[in-house]
Amino acid sequence: MTCVDKANVFKAFAFFREMFDEAAQRHPEVKADRPLCRRLFALLVKRPWDFDVMVMENMFGDILSDMTAGLIGGMAWRRRPISAIVMRCSSLPTARARHHGAGQGQPTGMILSAAMMLDWLADKHGLEAPAEAAESIERAVDRVYADGIKPMEFGGRSGTADIARAVLEAL
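We now turn to the structure provided with this report. (Residues numbered from 1 in each chain as written. Predicted model: local features only at pLDDT ≥ 70, side-chain atom pairs only at ≥ 80, totals over all residues. Heavy atoms only, no water.)

**Details of the overall build of the protein chain**
Along the protein chain, the regular secondary structure elements total seven helices and two strands. The order of α-helices and β-strands along the protein chain, N terminus first, is β-α-α-β-α-α-α-α-α. Taking all 171 residues of the protein chain together, the buried fraction comes to 42%. Taking contacts inside the protein chain between residues at least 6 apart in sequence as the whole, the part at least 24 apart equals 60%. (Helix = DSSP H or I, 4+ residues; strand = E, 2+ residues; numbered from the N terminus. Buried < 20%, exposed > 50% of the residue type's maximum accessible area, 1.4 Å probe, protein only. Contact = heavy atoms within 4.5 Å.)

Laid out in structure tokens, this is it:
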């Protein structure tokens, strides 16, 4: 678990870190890390796979999601939604990708977050059906984009409903 803050500059972040540390003490089995935000951002660009759960206030969360989107080509874009980089599902499922994309002509992040949740459930409980469903969703999204659908945020004409409908048809 990684605390993201700027506690060396702002008192409010020092308080945030104190709260994080108190929670970390209650769970000694969870490794807790506290790099300052600028160091963390550099590490995240170099090695995003090193991070599982990241705790931060909204401003850093918004900056971080925008920054990591560049690692995969844009907000909620293609194979993996932004939440896959910000938070790997080995720890717990997330719906973070709902923040960007959905409602802006691009529901792909939200759809792939559902697939990630199914993958997590399959891994966590040793179930095959959710893994198969997740794979079906990912294949459907791939087919839709391979067929040439282009979201509005990338200069296309396809809105949220168009993309969602196309993915449902591909399923």
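**Some points on the side chain of Thr2**
Take Thr2: it is sitting in strand β1 (residues 2–3). The class for Thr2 is buried, based on a relative accessible area of 5%. Discounting chain neighbours no more than four positions away, the residues touching Thr2 are Phe20, Asp33, Pro35, Leu40, Phe51, Val53, Met54 and Val55.

**Focus on the nonpolar core**
Counting 14 residues, the largest nonpolar core has Val141 and Val167 as the members making the most contacts within it. Elements represented by at least two residues in this core include exactly α5 (108–125), α6 (128–146) and α7 (160–170). In terms of residue count, the dominant contributor to this core is α6 (six residues). Excluding residues within four positions of it along the chain, Val167 makes contact with Ile111, Ala140, Val141 and Val144. (Core = buried A, V, L, I, M, F, W, Y, C linked by side-chain atoms within 4.5 Å.)

**What about the packing of α5 against α6?**
Closest axis-to-axis distance for the α5/α6 pair is 7 Å, and the angle between their directions is 155°. The pairing of α5 with α6 is recorded here as roughly antiparallel in orientation. Both α5 and α6 take part in a crossing whose hand is left-handed. For the pair α5 and α6, contact is made by Thr108, Ile111, Leu112, Ala115, Leu118, Asp119 and Ala122 and by Pro130, Ala131, Ala133, Ala134, Ile137, Glu138, Val141 and Tyr145, respectively. Looking at the contact of α5 with α6, its residues break down into twelve nonpolar, one polar and two charged. (Axes fitted to C-alpha atoms, helices over the stretch in contact; angles between N-to-C directions. Parallel < 35°, antiparallel > 145°, perpendicular 65-115°, else oblique. Left-handed = near helix turned anticlockwise from the far one by under 90°. Nonpolar A, V, L, I, M, F, W, Y, C, P; charged D, E, K, R; others polar.)

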